[in-house]
Amino acid sequence: MKIAILGAGSWGTALAYVLINNEFKVNLWTRNSIDLNYMRENKVNKKYLPDVLLDKNIEFINNIEDSIKDVDVIVLAVSSQATRNILETIKEHVNKNQLIVNVSKGIELVSLKTISQIVKEFFPNNNFVALSGPSHAEEVSKGMPTTLVSASIDKRSAELIQDIFTTEYLRVYTNPDVIGVEIGGSLKNIIALGAGISDGLGYGDNAKAALMTRGIYEIAKLGKIMGAKTTTFTGLSGIGDLIVTCTSMHSRNRRCGILIGEGKKPKDALEKIGMVVEGFYTVESAYYLSKKYNVEMPITRELYKVIYENHGARDSVKSLMMRSKKHEIEEMILNPIEWN
Ligand SMILES: NC(=O)C1=CN([C@@H]2O[C@H](COP(=O)(O)OP(=O)(O)OC[C@H]3O[C@@H](n4cnc5c(N)ncnc54)[C@H](OP(=O)(O)O)[C@@H]3O)[C@@H](O)[C@H]2O)C=CC1
Ligand SMILES: O=C(CO)COP(=O)(O)O
């Protein structure tokens, strides 16, 4: 079995490390020829994961068409806003037997589509898997215990991806709820930005617990209306990924939020992180999805104002706290226990 990984960032590189050590052949594609030459010579990705040795079963490739030739699986591992361009580039060169796997976590701006929906536009006949879950590249590439979810409407594809990525430190579950896994994985990044802002403002654990709990609630509300199963949000790609991203210093979303909370302008904070901060864009997509589906998403709305409308973060927290009083669980999401 041969696998192409399109994108040699932190996550693409960590997944390449897993696969080559499972004795699969990997083509790792990067658009950057300087990075390519360094990787070929030194067998490490200096820019994103410098301590991880990639010294067997791997080819570093700069030509994207060559990288997907004769592979069984194509893994999309660039930022989600760049994925459409990648698909456009490879569309004439993919055959219908190649399984397409997406590992990025975001919702496309303007189209408001998830990656499975974009992939379907280009490759309606190919099987598709969304591989997601609480998994920082820095830990996976050190062999630290991690769990993922392989989501596909095709059971065999979900199980194939489960098989090839499983190691003694990486446990992979399957789930047929692709949209649920995609919405959970994408929107947790918004809440992680918020958790970071809260930390940057000097607020404590109470505020973060509130953001995480009310955050997964509004994510699940939107997800349900978009066709997801509510239970998926209680799983690894939902609350699991939300917990890891809101609490870890590995998280670029959380670190970007901390800088904003400390007073940096959102654009400057993004630039300082220097890596993909998906939540920065997904907050806009989610804001418009909440309007499109008429779902109340107060945390998303306030974060949109902070990131895109120059609204003060402390004022946004006040607005959230002073909203009109309400019941905790709305009818539409679960069956709440009613008062006697
Ligand atoms: N890091 C992690 O722990 C995890 C990340 N993810 C998700 O994986 C996705 C990729 O993140 P990650 O690898 O961490 O990000 P990084 O910032 O580490 O790397 C981004 C990668 O995407 C490439 N890229 C960015 N823009 C473009 C573009 N316009 N065209 C082609 N390639 C582009 C970069 O290439 P270049 O270097 O040339 O700019 C680089 O290879 C994100 O959606 C993220 O949410 C999911 C799980 C874990
Ligand atoms: O998705 C991730 C962990 O599961 C990575 O999160 P960040 O992009 O915030 O680093």
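Residues numbered from 1 in each chain as written. Chains lettered and ligands numbered in written order. Predicted model: local features only at pLDDT ≥ 70, side-chain atom pairs only at ≥ 80, totals over all residues.

- As annotated in an unreviewed UniProt entry, the protein carries the name Glycerol-3-phosphate dehydrogenase [NAD(P)+] and comes from Helicovermis profundi.
- Per UniProt, the protein has the following entry under Pathway (unreviewed entry): "Membrane lipid metabolism; glycerophospholipid metabolism." (UniProt positions renumbered as here; feature names shortened; annotations may be inferred.)

### Some words on the site of ligand 1
Move 1: In the region of ligand 1, 26 residues are neighbours, and Gly-9, Ser-10, Ala-82, Ser-104 and Met-275 sit closest.
Move 2: Elements that contribute at least two residues to the shell around ligand 1 include exactly α1 (10-21) and α4 (80-90).
Move 3: Taken domain by domain, the shell around ligand 1 gets at least three of its residues from each of domain 1 (2-176) and domain 2 (179-321). (Near = placed C-beta within 6 Å. Helix = DSSP H or I, 4+ residues; strand = E, 2+ residues; numbered from the N terminus. Domains from an automatic or database assignment.)

### Some words on the site of ligand 2
Move 1: Lining the immediate surroundings of ligand 2 are 14 residues, of which Ser-135, Thr-245, Ser-251, Arg-252 and Asn-253 lie closest.
Move 2: The element that contributes the greatest number of residues to the shell around ligand 2 is helix α10 (residues 236-247), accounting for three residues.
Move 3: Counting contributing residues, the shell around ligand 2 receives three or more from each of domain 1 (2-176) and domain 2 (179-321).

### So, the UniProt feature "active site" (unreviewed entry) in the protein
Move 1: Sequence positions flagged by UniProt for "active site" (unreviewed entry) are, in local numbering, Lys-188.
Move 2: Judged by the 34 C-beta atoms lying within 10 Å of it, Lys-188 is buried.
Move 3: With residues up to four places along the chain from it excluded, the contact list for Lys-188 reads Ile-219, Asp-241, Leu-242 and Thr-245. (Buried ≥ 20, exposed ≤ 12 C-beta atoms within 10 Å, placed from the backbone. Contact = placed C-beta atoms within 7 Å.)

### Some thoughts on the UniProt feature "binding site: sn-glycerol 3-phosphate" (unreviewed entry) in the protein
Move 1: Per the UniProt entry, the sites bearing "binding site: sn-glycerol 3-phosphate" (unreviewed entry) are Lys-105, Gly-133, Ser-135, Lys-188, Asp-241, Ser-251, Arg-252 and Asn-253 in this numbering.
Move 2: With respect to the helices and strands, the residue Gly-133 is situated in the loop between β6 (128-132) and α6 (137-140).
Move 3: Owing to 27 C-beta atoms within 10 Å, Gly-133 belongs among the buried residues under this scheme.
Move 4: Filtering out sequence-adjacent residues up to four positions away, Gly-133 remains in contact with Thr-147, Leu-148, Val-149, Leu-236, Ser-237, Gly-240 and Asp-241.
Move 5: Its place among the elements puts Asp-241 in helix α10.

### Here we look at the domain arrangement of the protein
Size of an interface: often given as the accessible area lost when the parts come together.
Move 1: For the protein, the assigned domains read domain 1 (2-176) and domain 2 (179-321).
Move 2: The C-alpha-based centres of domain 1 and domain 2 are spaced at 25 Å.
Move 3: The interface is formed by 25 residues belonging to domain 1 together with 27 residues belonging to domain 2.
Move 4: Of all elements in the fold, only α4, α5 (115-122), β6, β7 (146-151) and β8 (170-175) reach the threshold of two or more residues within the side of domain 1 that touches domain 2.
Move 5: Top element by residues in the side of domain 1 that touches domain 2 is β7. It accounts for three residues.
Move 6: Here the residues of the side of domain 1 that touches domain 2 sort into nine nonpolar, 13 polar and three charged. (Nonpolar A, V, L, I, M, F, W, Y, C, P; charged D, E, K, R; others polar.)

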